[in-house]
There are 2 protein chains.
Amino acid sequence: MFFEGSEKKIEVNVHPESSLCLRELKKDYWHKLVKESGASILSVISNNYCDAYILSESSLFVWDKRFLMITCGKTTLVDAFVAFIEEFGKEKLPSLIYQRKNEYYSFLQKSDFYSDVEKYKKYLPGVSHRFGYLDRHHTNIFHSNNEFDGAQDDFTTELLMYHINDRATAVFSKENQEKNVIRDFLGIDQRLSGFQIDDFAFDPLGYSLNGIKDKNYFTIHVTPEEDSSYVSFETNCDLSSQHPRLLENILDLFQPESFDFLTFNSNQQLVLDDSGYHLVGNYKDDLDCGYQVRFFEYIKEQSDFRKSIRL
Amino acid sequence: MFFEGSEKKIEVNVHPESSLCLRELKKDYWHKLVKESGASILSVISNNYCDAYILSESSLFVWDKRFLMITCGKTTLVDAFVAFIEEFGKEKLPSLIYQRKNEYYSFLQKSDFYSDVEKYKKYLPGVSHRFGYLDRHHTNIFHSNNEFDGAQDDFTTELLMYHINDRATAVFSKENQEKNVIRDFLGIDQRLSGFQIDDFAFDPLGYSLNGIKDKNYFTIHVTPEEDSSYVSFETNCDLSSQHPRLLENILDLFQPESFDFLTFNSNQQLVLDDSGYHLVGNYKDDLDCGYQVRFFEYIKEQSDFRKSIRL
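Procedures and definitions
Residues numbered from 1 in each chain as written. Chains lettered and ligands numbered in written order. Predicted model: local features only at pLDDT ≥ 70, side-chain atom pairs only at ≥ 80, totals over all residues. Heavy atoms only, no water. pLDDT = per-residue confidence, 0-100. Salt bridge = Lys/Arg side-chain N within 4 Å of Asp/Glu carboxyl O. Buried < 20%, exposed > 50% of the residue type's maximum accessible area, 1.4 Å probe, protein only. 1 Å grid on protein atoms, 1.4 Å probe; cavity = no way out; pocket = protein on both sides within 12 Å on 5 of 7 lines; lining within 4 Å. Points joined across faces, edges and corners; volume = space filled by probe spheres on them. Helix = DSSP H or I, 4+ residues; strand = E, 2+ residues; numbered from the N terminus. Pairing = 2+ DSSP bridges. Expected span 1.5 Å × (residues − 1). Least-squares fit on C-alpha atoms with pLDDT ≥ 70 in both.

Colleague: Would you explain the confidence of the model for chain A in this entry?
Modeller: Do not read the predicted coordinates in detail wherever pLDDT is low. Averaged over all residues, the pLDDT of chain A equals 95, while 98% of them reach at least 70. Under the prediction, the complex receives an ipTM of 0.94, its pTM being 0.96.

Have a look at this one:
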């Protein structure tokens, strides 16, 4: 019972002056593109600004001049990018940013970050960074050298949780669990009112949710497998003004043993008084592509003896 | 500049009533056996009880009725065991215990713990345990089901350190560093007097040391590569009575960002007051093969912002 929830993510910005409008591409095109990564499209919701797809492995969001694709499992997201740039050419792209989280089982993956970067560099020059120590939670980032003025408005917040508590595990592990029960557990209606929601409960396990409201999105992916549980929450909302305490509420729901908190161009803070979490990783860097990235790694104290896991 | 310091370890006990005496096997035999794992023998020291070999990747200790082989890098230690049991047969072996640490880059390895265990199980039934969470420092253990009365006397202490401080890195990274300088840094003469010592400084980087005294051994392996440094210390000495504060002294020398502390059949304690280390993993289990294993994971607080690593 293992599924690799850890994600790869690509954000591609099309040149503002290019005639290419991503939302005008036919749905068939996105089906084909997603297939290149090894995933497939399961459903879609739309508003005036954005199409939000739920994938067999995570999510795809498409705006007129930008797309964001997140995939997990054993997918090779880089291959979707290669197909895209082969179709449209690099002169249409002012920026690419690729992010790859450390995996539970990197030896089961079809590629590693370094070989991915080799593929990107065949099309676009760029640089790579790692936030966090190699033997612990970390995230790798490759970005193209192209300058992109819009990056300053592009907030992103990620909350990546490992080893969720028993109560949350039970909610997501019940056979044929109803989506309404999960939405209630997550408190979507109260916490993110006004968002159009699409969600999917996987058989036997796993849950994905996309929400959109104007140009904003959020997405949640839950891998509840007991020995390798992983929950990711990501949004481009300005949380501190629009949804204060949302992240703390999510942490309280899942009570993970450890979690990573990342921000792109945001000074979002976590208030974690007396939570039992220790800050063991704390990074901030201004990337040449215009993003300020912050990466925080938190781990819970574990003072009581536990048993080993019988494999 | 990457080297995988994380180790695999096998301890094989020959049946006390068997006529097989391991130290009577010719040196050629051990050269051949070590080669099966992908490593090679570089030097040897001996006393009345033990032959201690330094390997191209770690160490081998041979007593009359027991051998302990530790290998790192991309070795496949399991293949040495397969060659051994193919030669001598399983009826000569009352016990096997195999331990494999999580790697920095598991995707560069030639095997994983699970495939190793499949190989062991072709010869000996046994069970597997994991101490620690899958996404963090952990150690996997496979042991045979055979009962072995001697396990109670078989103390082992391991101190596995990650990301050593700048001062230690400098000592081990200097080109053509003299072994005496390293021994002085380690304080071997004062801290472990009476031990016969053999050590090896690798080109361009890396250092291994074996020490033996009667039936006791200790071994130190240093991988100083900056982005993936790793230092292991292991011994079967009863430290609390013979060498109190030795582990704390070693920690103070290397001041790692994180470390794991393991004991087999020992209640050895660490005294870490105000050290800045948090206990984030704390496991104890009695394995069916007679070993009580304890695994502790410590990580330093990291309150100041750091930059990312440019890859």
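Colleague: Please clarify how the pattern of salt bridges should be interpreted in this entry.
Modeller: Oppositely charged side chains can pair when the atoms bearing their charge come close. Taken as a whole, this structure holds 32 salt bridges over all chains when the rule is applied. The closest approach of N and O atoms between glutamate 103 of chain B and arginine 100 of chain B, which form a salt bridge, is 2.8 Å. Using a relative accessible area of 14% as the deciding quantity, one classes glutamate 103 of chain B as buried. Look at arginine 100 of chain B and you get buried, because its relative accessible area is 2%. When salt bridges with common partners are traced through the structure, they connect Lys9, Glu158 and Glu234 of chain A into a single cluster.

Colleague: Help me understand empty space enclosed by the protein, please; the structure alone is not making it clear to me.
Modeller: The gaps of empty space that remain are located by a probe, the size of a water molecule, rolled over the atoms. Here the structure, examined in full by the defined rule, presents nine cavities of 30 Å³ or more. By volume, the largest cavity amounts to about 550 Å³. Lining of the largest cavity is provided by 37 residues; of these, Glu103, Tyr104 and Ser106 of chain A together with Glu103 and Ser106 of chain B occupy positions nearest its centre. Residue assignment for the lining of the largest cavity shows that the elements contributing at least two residues are strand E6 (95-101) and helix H3 (113-121) of chain A together with strand E6 (95-101) and helix H3 (113-121) of chain B.

Colleague: Would you mind showing me how to read helix H8 (residues 246-254) of chain B here?
Modeller: Think of an α-helix as turning once every 3.6 residues; residues three or four places apart then point the same way. Burial runs high along H8 of chain B: seven of the nine residues are buried. Where H8 of chain B ends, the next residue or the one after it, glutamine 255 of chain B, has phi of about 40 degrees, a positive value.

Colleague: Looking at this model, I keep getting lost on the pairing of strand E11 (residues 207-213) of chain B. Mind explaining?
Modeller: Walk down a regular strand and you will see the side chains alternate between the two sheet faces. Residues and elements named next belong to chain B. Taken across its seven residues, E11 has six buried, putting it largely inside the fold. Here strand E10 (residues 196-201) folds back onto E11, and the loop between the two strands holds five residues, one of which, glycine 206, carries a positive phi near 115 degrees. Note that E11 and strand E12 (residues 216-223) share seven bridges and pair antiparallel. In the sheet register, lysine 213 faces E12, and the bridge partner there is asparagine 216.

Colleague: In this structure, what is going on with helix H2 (residues 77-88) of chain B? I would like to understand it.
Modeller: Residues and elements named next belong to chain B. Helix length check: H2 (twelve residues) gives 17 Å between terminal C-alpha atoms against 16 Å at 1.5 Å per residue, within 8%. When H2 is considered as a whole, its buried residues turn out to be Leu77, Val78, Ala80, Phe81, Val82, Phe84, Ile85 and Phe88. Immediately beyond the C-terminal end of H2, within one or two residues, lies glycine 89, with a positive phi of roughly 85 degrees.

Colleague: Sorry, what's going on with the relation of the copies chain A and chain B here?
Modeller: Each copy of the chain is related to the other by a rotation around an axis and a translation along that axis. Once chain A is rotated about the relating axis by 180 degrees and shifted along it by 0.0 Å, it coincides with chain B to within an RMSD of 0.0 Å. Each copy turns onto its partner about a two-fold axis. Nearest to the rotation axis, the C-alpha of phenylalanine 107 of chain A is located 1.9 Å from it, this being the minimum over chain A.

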